[in-house]
Amino acid sequence: MNISQIHQLFLESAGACTDTRKIKPNTIFFALKGDNFNGNTYADKAVELGAKYAIIDEGKFKKTSKHILVDHVLKTLQELATYHREYLKIPIIGLTGSNGKTTTKELINKVLSSTFKTTATTGNLNNHIGVPLTLLSMTEETEIGIVEMGANHQKEIDFLCSIAKPDFGYITNIGKAHLEGFGGIEGVLKGKTELYKHLKQNDKLVFLNAQDKKLKKASEGLKTYSFSQNYGKDVKVLFTKTNPNVVVLYKGLTIQSNLIGAYNFTNIAAAITIGDYFKIDPKQIKNAIEEYIPSNNRSQIIEHGNFIVILDAYNANPSSMEAAIQNFDLLEGYSFKSAFLGDMFELGKEASSEHQKISELIASTQVNEIHLIGSNFYEISNDDSRIKKYKSFDELKDQWSFTSKNEKSVLLIKGSRGMKLERILDLL
């Protein structure tokens, strides 16, 4: 059975699924394989649970006409996604970057969906499986697709572009993320700008932060629609303040976001710019930005009595950690500040030096209490009396007890996903 025939079956189904725990009636189950599982062994169960068909790649599991045998299930899923994307013929916005991808994607979706029927990446399904599933979630009603692309090695963005074939692209920034896989900051730049390479080869458009020198240089020779705080660009967005929420000015409108930190300014500005390009009314853009409330441990503000928690524990790398610390130090109106910083992962040989740099940065601030959690932070050398080190979260849990301050207090919680520092909320 070829891709065209499988696509016809897909159009008559209720969508694609790769997890029997999420099977819905009349979906098509794709029996993917992993290091510790073989989806072929779940094909019968998927059909029993209501799947219309099960796509498999091992002949011994083909038992009925509902079992469709292909050479490679993952490759079939990816080829089907591309076929479906070309069948729909809708504009696709591809999004990548070191930091802020998911927040920016959510903001763009919020703005565009005020006028168009959009379909965007759910959560962070942004890899070689998530991107195809995102494309396959788009229907004939979808007017604009928004596809987040993640990567920790070179050539990954290139591959994801070959699947999604974006018409537009935006890179949030180039930072010290996944240094181990990319081979250093220059490798990050090369890997992320594979999106630009695709757009250039296909004469497509780049949405650009014109004040980002690296990305501005990398986008030379491409068609761009850019934003800046200065005149002379396609869109002017002004950063006005953050304490703690970011406030921006666009076309005479003051937009009060629910996002903390100056680092979120460019995420907001990008969404505004893309809305501007698609000719969305400025007041609708303002309303959409102001309605967006962050979740999933990303830049969340949580009030606990007389103190506030800034929960940014979804992920961390040296660039995002530095931005979070600098923003935290600049916050005004709080008489007591406590920082809880967790280890940053996937830094390879740079891990020791990058954790040391972060410890020195936080020690240079006016933060009153500094808690460093994880095996990398435990090895740093810093005799600042405000710094307390813990080998693990469990050690923090055993040694630290929260005492509510009478003063107006604010806590920052920031660390890589694997640290699960949102558990600190249970200790408060």
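This is a predicted model, so every value here is computed, not measured.

Scoring rules and cut-offs
Residues numbered from 1 in each chain as written. Predicted model: local features only at pLDDT ≥ 70, side-chain atom pairs only at ≥ 80, totals over all residues. Heavy atoms only, no water. 1 Å grid on protein atoms, 1.4 Å probe; cavity = no way out; pocket = protein on both sides within 12 Å on 5 of 7 lines; lining within 4 Å. Points joined across faces, edges and corners; volume = space filled by probe spheres on them. Nonpolar A, V, L, I, M, F, W, Y, C, P; charged D, E, K, R; others polar. UniProt positions renumbered as here; feature names shortened; annotations may be inferred. Helix = DSSP H or I, 4+ residues; strand = E, 2+ residues; numbered from the N terminus. Contact = heavy atoms within 4.5 Å. Buried < 20%, exposed > 50% of the residue type's maximum accessible area, 1.4 Å probe, protein only. Phe/Tyr/Trp six-rings, centres within 6.5 Å; stacked < 30°, edge-to-face > 60°. Lys NZ or Arg CZ within 6 Å of the ring centre and 35° of its normal. Pairing = 2+ DSSP bridges. Axes fitted to C-alpha atoms, helices over the stretch in contact; angles between N-to-C directions. Expected span 1.5 Å × (residues − 1). Left-handed = near helix turned anticlockwise from the far one by under 90°. Salt bridge = Lys/Arg side-chain N within 4 Å of Asp/Glu carboxyl O.

J.: Even after reading the chapter, I still don't get the layout of surface pockets, so can you show me in this structure?
T.: Any empty space left between atoms is shown by rolling a water-sized probe over those atoms. Empty space within the second largest pocket amounts to approximately 290 Å³. Taken together, Thr18, Asp19, Thr20, Arg21, Phe29, Leu32, Phe37, Gly39, Tyr42, Lys45 and Ile129 make up the lining of the second largest pocket. Split by residue class, the lining of the second largest pocket holds five nonpolar, three polar and three charged.

J.: Is there a simple way to explain the UniProt feature "binding site: ATP" (unreviewed entry) in the protein in this structure?
T.: The residues that UniProt annotates with the feature "binding site: ATP" (unreviewed entry) are Gly97, Ser98, Asn99, Gly100, Lys101, Thr102 and Thr103. Summarising the element assignment, Ser98 is placed in the loop between strand 7 (92–96) and helix 4 (101–112). Those residues in contact with Ser98 that sit more than four places away from it in its chain are Thr172, Asn173, Ile174, Gly175, Ala177, Val188, Lys192 and Asn317. For Thr102, a relative accessible area of 9% corresponds to the buried category. The residues touching Thr102, leaving out its near neighbours within four places in the chain, are Gly123, Asn124, Glu148 and Arg298.

J.: Hey, could you run me through the packing of aromatic side chains in this one?
T.: Each pair of aromatic rings is reported with the distance of its centres and the angle of its planes. Scanning the model with the defined rule gives eleven aromatic pairs in all. Relative to Phe265, the ring of Phe239 lies with its centre 5.6 Å away and its plane at 65 degrees, an arrangement referred to as edge-to-face. Note that Phe239 is positioned in strand 13 (residues 235–242) and Phe265 in helix 11 (residues 265–277), a separation of 26 residues in sequence. By relative accessible area, Phe239 is classed as partly exposed at 28%. Put simply, the rings of Phe116, Phe168, Phe207, Tyr225, Tyr277 and Phe278 touch in pairs and so form one group of aromatic residues. Over the ring of Phe328 we find Lys337, and its NZ or CZ is 5.7 Å from the ring centre. For Lys389, the ring lying beneath its charged end belongs to Tyr378, and the centroid distance is 5.6 Å.

J.: How should the sheet that holds strand 13 be read in this particular structure?
T.: Sheets are built from strands that pair by backbone hydrogen bonding, the pairs being arranged parallel or antiparallel. The sheet built from nine strands is open, its strands ordered 8-9-7-10-11-12-13-14-15 with mixed pairing. The open sheet has two edge strands with one neighbour each: strand 8 (118–120) and strand 15 (253–260). Ignoring which end each strand starts from, the neighbouring axes of this sheet average 25 degrees apart. Where strand 8 lies against strand 9 (residues 144–148), three bridges are found, and the strand directions are parallel.

J.: I would appreciate a short explanation of the side chain of Asn209 in the present structure.
T.: One can find Asn209 in strand 11 (residues 205–209). For Asn209, a relative accessible area of 9% puts it in the buried group. Contacts of Asn209, omitting those with residues within four sequence positions, involve Tyr170, Phe227 and Thr266.

J.: I'm lost on helix 4 in this one. Help?
T.: Three- or four-residue spacings in an α-helix give side chains the same orientation, since the helix completes a turn every 3.6 residues. With twelve residues, helix 4 extends 16 Å from end C-alpha to end C-alpha; this agrees with the ideal 16 Å at 1.5 Å per step. Counting buried positions along helix 4 gives ten out of twelve residues, so the element sits mostly inside the fold. Along helix 4, the residues classified as buried are Lys101, Thr102, Thr103, Thr104, Lys105, Leu107, Ile108, Asn109, Val111 and Leu112.

J.: Please explain the packing of helix 4 against helix 11 as it appears in this structure.
T.: Packed helix pairs are characterised by how far apart their axes lie and by the angle those axes make with each other. Contact geometry of helix 4 with helix 11 gives a least axis separation of 9 Å together with a crossing angle of 30 degrees. Relative to helix 11, helix 4 is oriented so that their crossing is right-handed. Seen from helix 4, the contacting residues are Thr103, Thr104, Leu107, Ile108, Val111 and Leu112; seen from helix 11, they are Asn267, Ile268, Ala270, Ala271, Ile274 and Gly275. Split by residue class, the contact of helix 4 with helix 11 holds eight nonpolar, four polar and no charged.

J.: Would you mind showing me how to read the pattern of salt bridges here?
T.: Two side chains bearing opposite charge may form a pair once their charged atoms approach each other closely. For the coordinates displayed, the defined rule picks out 16 salt bridges. When the shortest N-O distance is used, the salt bridge between Glu106 and Lys105 registers 2.8 Å. Owing to a relative accessible area of 27%, Glu106 belongs among the partly exposed residues under this scheme. Judged by relative accessible area, which is 0%, Lys105 ranks as buried. One salt-bridge network, in which partners are shared between bridges, spans Lys33, Asp57 and Glu58.

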